[in-house]
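Breakdown of the fold
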Amino acid sequence: MNKWENPQLLEEHRLPPHAYFFAYADAETARSFARERSRRFLSLSGMWRFAYFDHPLQVPPSFYSEYMERWGEIEVPGMWQMQGHGHLQYTDDGMPFPVDPPYVPSSNPTGAYQCRWTLGPEWRGQRVVLRFDGVETYFEIYVNGSYAGMSKGSRLASEFDITALLNEGENLLSVRVLQWADASYLEDQDMWWTAGIFRDVYLIGKGAIHVQDVCVQTRFDDACRDATLACTIAISANAGWRLEWSLYDGARQLLQGGGKALTWEASVPAPRQWNAEDPYLYRLEISLYDDAGALLEVVPLRVGFREISVQDGLMYVNGRYLKLHGVNRHDNDQLRGRAVTMARVEQDIVLMKQHNINSVRTAHYPNDPRFYELCDQYGLFVMAETDVETHGFVNIGNLSQITDDPAWEAAFVDRIERHVHAQKNHPSIIIWSLGNESGYGCNIRAMAARCREIDPTRLIHYEEDRDAEVCDVVSTMYSRVQMMNAFGEYPMHKPRILCEYAHAMGNGPGGLSEYQAVMDRHPHLQGHYLWEWCDHAILQPDVPGRPFYAFGGDYGDYPNSGNFCCDGLIYPDQRPGPGLREYKQVIAPVKVRAIDAAAGRLEVENRYWFSSLDCITLLIETREDGESLRVQRVPLPPLPPGQRQEIRIAEPPSGTGQRYLNVRVIRDQATAYSAAQHELAVYQFALPSTSSLPVRAVAEPPVLTEHRLDYRIEGPGFHMVFCKLTGKLKEWVADGMPLLARAPQLTFYKPCIDNHKQENDALWLPQHLNILQEHLRGMEVVRNGGTVDIIVDCQIAPPILGYGMRCRYHYRVDGAGQLQLTLSGTPYGGFRDMIPKIGMTLGVNRSLGQVEYFGRGPGENYPDSKACNIIDRYRSAAADMFEHYPKPQDNGNRMDVIWATLHDSHGKGLRIDAPQGIHVSIWPYSAEQIAAARHDNELREDDYWTVNLDHKISGLGSNSWGSEVLDSYRVYLEQFSYSLTLSPLNKENGQ
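Residues numbered from 1 in each chain as written. Predicted model: local features only at pLDDT ≥ 70, side-chain atom pairs only at ≥ 80, totals over all residues. Heavy atoms only, no water.

1. Here we look at the packing of aromatic side chains
Selection rule: Centres within 6.5 Å are what make two rings of Phe, Tyr or Trp a pair, Trp counting through its six-membered ring; a difference in plane orientation under 30 degrees is then read as stacked, over 60 as edge-to-face, and the rest as tilted. What counts as a helix is a DSSP run of H or I of at least four residues, what counts as a strand is a run of E of at least two, and both are numbered from the N terminus. Note on exposure labels: buried denotes an accessible area under 20% of the residue type's maximum, exposed denotes more than 50%, and partly exposed covers the range between, all computed with a 1.4 Å probe on protein chains only.
The full count for this structure, using the stated rule, is 42 aromatic pairs. A ring pair is formed by Phe50 and Trp80, whose centres lie 6.1 Å apart and whose planes are at 40°; its orientation type is tilted. Note that Phe50 is positioned in strand S3 (residues 46-53) and Trp80 in the loop between strand S4 (72-76) and strand S5 (89-91), a separation of 30 residues in sequence. Residue Phe50 is classed as buried on the basis of its relative accessible area of 3%. Judged by relative accessible area, Trp80 falls into the buried class, the value being 0%. Ring geometry for Phe139 and Phe160: centres 6.1 Å apart, planes at 85°, overall edge-to-face. Here the residue Phe139 occupies a position in strand S9 (residues 138-143), and Phe160 occupies one in strand S11 (residues 158-161), the gap between them amounting to 21 residues. We classify Phe139 as buried; its relative accessible area is 2%. Residue Phe160 is classed as buried on the basis of its relative accessible area of 0%. Among the aromatic residues, those joined into a ring-pair cluster are Phe53, Phe63, Tyr64, Trp71, Tyr142 and Tyr147.

The structure is reproduced here in structure tokens:
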């Protein structure tokens, strides 16, 4: 039996797991916490010799003992597929080979890695440990031609004692890595299938007497004030040493002790408590001496005083109730795949903190050990998930096949054991997660028991333990709002979370405010983790300057899950997307409500769990028609967590236009992740307002001329032409400029967003909603005093079927060239289901490249995703109104627009007025082109702007793998009527 097809064989010569820490030569160096400055540390990461083979046996025998000078090079850490070797494949829940555990393909992609290094005399007498922080999937190592061991468990660290195999001077390390192993059945997470040495490799030198392991735990008294610091230490020798330890608060020593005891406790009066809002850390220094009093090493640990408990079915941290507003995070880089740099990892954490996120689930495997250090320092509550997912078994009808098979118990338990031991000292970790989407059975029970045995201080999570048999936290995925409300009204005896919800694929998610309202309503609902943090698409060069993001199927990979990997709140290059900005607002820790905005009466609620509001200021601005009338700063009182208080401000100044009170919540002081004056949230409250269309001079009636195939309407400086064959406005010229490039067209469909794909495939495409045809049924042109009315009746319906809309375009043209347009329709036939929208599109002269509008912005917004956007006057380049998702789809909508202009650099162009408020989006591409494109780089700019002026638009939802659009945000094929006024624009009449 192959070693890589034997689930009973997990390792050979791998050292037992222990906490992640480093030892330093002295206390001063130890305080740097820089592992490269530890007493003996040698990084082997960098450029290695490499060759790729289709079969493990193709690796030449000489590889294990001879340096392969003629081979190429590869970067370590790295995935070999990202560096030009092997094949990329993306599947969500499918194994890319026959499901026949423990067997994998005999033609097993294999990477042969080599590096050389020199050991100097300072390493004499050291026990040398070779450490790999992550290798996918199976690997075996050879040092100077001798076999040194093997390991499985891709996202877990592996250490080997290679002391006896080393030379003083040059040494050769050869590593054979196989992409597939029995371990692959446990590692079927929703991500690209890749392989390689993808985390750092390094040597650690240890003295004959050294610290092997440390476990630090903290607990509070009943009043949650005074703490106990408990420490258990393992030493490599039974005698010949003594310990000294000191606890520091910055430079100030608080406590000290020492001796021969390996387990000790110390009382710490009223320490500053660690939490995600105030991640305060102390420093524990453990010094190891020999019997002669010589310092052997110093081990530093960051200590956060933190305790987790469950009382009356609710979760508490440090005796405080809390809710977790989190995200699911994969390791991903648009160029490096899972071989992420720590700079990128840190930026992920900074972005989370900047967007009010207080928790992260390491979906679905352990991260680089330094990730948890950063969470300790920046302040994130971590659900630490281990490297278990057997999702591929769902395709053969038995998700629990190996999860409930005792023959696989050791493989399951090994993963939680190594994970918990490695990260047990991090205060940021409050929950251990046993894995993801692996069914349920005896091996989950065994994992939970072992986890609790190693660490009884934290809670245990596993979503498919639906009855909470072994878990401390009850969990579901993608439960709809109504179901979460039911869970809240009928709570279990344990806290409940949504470990995944609101699938952030493409344009979306929508409905976050409704989810949050339910979460806020019920104490038993204590958290949610949005799926997911980052798009996994891979950057590909194409036309110079037009890169695109590749996803499943772009590498000839089959089967594949297409762009299902593009489901993040940030883009692959870490740019925040609209969904992240919306989530930030929805989970804002300071809520502001209007009691009576016009009278200057507001209510503030502190939605922090551990912090008061004494460093928060409200920046309050009264605006009228997009202009500022008054700005005031109101420092908030030190309101305790969970409390509300009325705030009185000066009454807003009076006015006559569109008036709003805008309230921005500002953090006064700088933090580790944000500058001073960082904005936490924004709120807007309408004030009494008036609205009117711009006053226009009375002009002479327009001239109407009838020709055989069209009608021509003209006046000073303009003319319009309406086609008798179609009823369309086919030409509009004002001040010598053609305004119109495509005639106004009623539409009920738009390029499908990912979150509507299920409705699109099951409902809209079968009903041919995407190929509705318009047929002229009547056209009347009449003079009406000083105007000309063109009334066009038409039928808009699909071929084959017997439903549709009987619609009317009612144009009214005055002598100044202003066009009033009323659009209406009445359905017939039996189709009464949800549709994407009711609206109109037209093509506008490409030279009108500047946009100004009064409506909701500045970013795109939709009926169920608008919390972070406020109504105001905005200016933008027309091209910037388009949101470039990796897979093109409907985007860029702005709601509540009462007027908008498109103009050129001279101020000439088109103005749209809609006092009732409409949806506006402006695209450089046609809807047809957007709908047909697979990737963003395929889009080619048209010679006109596509302008959508819509009456109603359905919400986004998150039904790519989550909640459908809520009923209140759905649009139906129903009777409608709305009006617009379109006017030529120049400097004289511009607004």
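We are not done yet, so read on.
2. A word on the sheet that holds strand S25 (residues 320-321)
Applicable threshold: DSSP bridges decide pairing: two strands pair if at least two such bridges lie between them.
One open sheet accounts for three strands, arranged S23-S24-S25; its pairing is antiparallel. Each edge of the sheet is formed by a strand with only one pairing partner; in this case those strands are strand S23 (308-311) and S25. Both S23 and strand S24 (residues 314-317) contribute to a ladder of four bridges, which runs antiparallel. By the bridge assignment, Ile308 is partnered in S24 with Val317.

3. Brief notes about helix H3 (residues 369-378)
To keep it simple, the criterion reads: When checking whether two residues touch, look at their non-hydrogen atoms; a contact exists if any pair is within 4.5 Å. Any pair of N or O atoms that falls within 3.5 Å is considered a polar contact. Within protein, one atom must be able to donate a hydrogen and the other to accept it, and sequence-neighbouring residues count only if both atoms are side-chain atoms.
Of all the 10 residues making up H3, seven are buried; the element is thus mostly covered by neighbouring parts of the structure. Where H3 is buried, its residues meet strand S7 (127-132), helix H2 (342-354), strand S27 (359-361), strand S28 (381-385), helix H4 (409-423) and strand S29 (429-433). Two or three places before Arg370, at the opening of H3, Asp368 has a side-chain oxygen 2.8 Å from that residue's backbone nitrogen. Positive phi shows up at Gly379, right after H3, with a value of about 100°.

4. A word on the environment of Asn144
By the element assignment, Asn144 lies in the loop between S9 and strand S10 (146-151). Each C-alpha atom of the pair Asn144 and Leu172 lies 5.0 Å from the other, and the pair is 28 residues apart in sequence. Other than its neighbours up to four places away in sequence, Asn144 contacts Leu165, Leu166, Asn167, Glu170, Asn171 and Leu172.

5. Comments concerning the pattern of salt bridges
Condition: The term salt bridge refers to a side-chain nitrogen of Lys or Arg lying within 4 Å of a carboxyl oxygen of Asp or Glu.
Counted by the stated rule, this structure contains 75 salt bridges. Close ionic contact of Glu12 with Lys3 constitutes a salt bridge, the shortest N to O distance being 2.8 Å. Given a relative accessible area of 29%, Lys3 falls into the partly exposed group. Notably, a salt bridge pairs Arg458 with Asp455, separated by 2.7 Å at the nearest N-O pair. With respect to class, Arg458 is no different from Asp455; both count as buried. Taken together, the shared-partner salt bridges in this structure form one network comprising Arg35, Arg131, Asp133, Glu159, Asp200, Asp368 and Arg370.

6. Some remarks on the nonpolar core
The test is simple: The term nonpolar core refers to a set of buried residues drawn from Ala, Val, Leu, Ile, Met, Phe, Trp, Tyr and Cys, joined through side-chain atoms within 4.5 Å.
In terms of nonpolar packing, the biggest core is built from 78 residues, with Val327, Leu434, Leu530, Trp533 and Tyr583 touching the most fellow members. Ignoring anything within four residues of it in the chain, the contact list for Trp533 reads Val327, Asn328, Arg329, Asp348, Leu351, Met352, Ile357, Gly568, Leu569, Ile570 and Leu580. Of all hydrophobic cores here, the second largest spans 68 residues; its members include Tyr711, Ile713, Val897 and Val965.

7. Some remarks on the side chain of Asp348
Its location among the elements puts Asp348 in helix H2. Since its relative accessible area comes to 3%, Asp348 is described here as buried. The contacts of Asp348, once residues within four sequence positions are left out, are Arg329, Trp533, Ile570 and Gln574.

8. What about the environment of Asp467?
Along the chain, Asp467 falls in the loop between strand S30 (459-461) and strand S31 (474-477). Taking relative accessible area as the criterion, Asp467 reaches 65% and is therefore assigned exposed.

9. Remarks on the sheet that holds strand S2 (residues 41-43)
Spelled out, the test is: Axis definition: a line fitted to C-alpha atoms, limited for helices to the stretch in contact. Angles are taken between N-to-C directions and run from 0 to 180 degrees.
One open sheet accounts for four strands, arranged S2-S15-S7-S11; its pairing is antiparallel. Because the sheet does not close on itself, it has two edges, and the strands there are S2 and S11. In this sheet, adjacent strand axes meet at a mean angle of 20° when their direction is disregarded. The sheet contact formed by S2 and strand S15 (residues 201-206) spans three bridges and is antiparallel. For Ser43, the partnering residue across the bridge sits in S15 and is Tyr202.

10. Focus on the environment of Tyr478
With respect to the helices and strands, Tyr478 occurs in the loop between S31 and helix H6 (481-489). Residue class for Tyr478 comes out buried when judged on its relative accessible area of 7%. A C-alpha to C-alpha distance of 8.3 Å links Tyr478 and Cys499, two positions 21 residues apart in sequence. Residues contacting Tyr478, with those up to four places away along its chain left out, are Leu498, Glu500, Tyr501, Ala502, His503, Tyr515, Trp531, Trp961 and Gly962.

11. Some remarks on H6
Selection criterion: To be clear, the arc concerns the directions from the helix axis to the C-beta atoms.
If you check which residues of H6 are buried, you get Val481, Met484, Asn485, Phe487 and Gly488. Seen along its axis, H6 keeps its buried residues to an arc of 160°; they face one direction. Its buried side turned inward, H6 meets S31, strand S32 (496-501), helix H7 (512-521) and strand S33 (525-530).

12. Side note on the packing of H7 against helix H8 (residues 578-586)
Angle between the axes and distance between the axes are the two parameters that describe a pair of packed helices. Put simply, the rule reads: Note that the term roughly parallel is reserved for angles under 35 degrees, roughly antiparallel for angles over 145, roughly perpendicular for angles of 65 to 115, and oblique for everything else. Helix crossings get a hand from a simple test, with the near helix turned counterclockwise from the far one by less than a right angle marking a left-handed crossing and a clockwise turn marking a right-handed one.
The N-to-C vectors of H7 and H8 enclose an angle of 30°; their axes lie 10 Å apart at closest approach. Accordingly, the angle class assigned to the pair H7 and H8 is roughly parallel. When you trace H7 past H8, the crossing you get is right-handed. Between H7 and H8, the residues in contact are Leu512, Ser513 and Gln516 and Glu582, Tyr583 and Val586, respectively.

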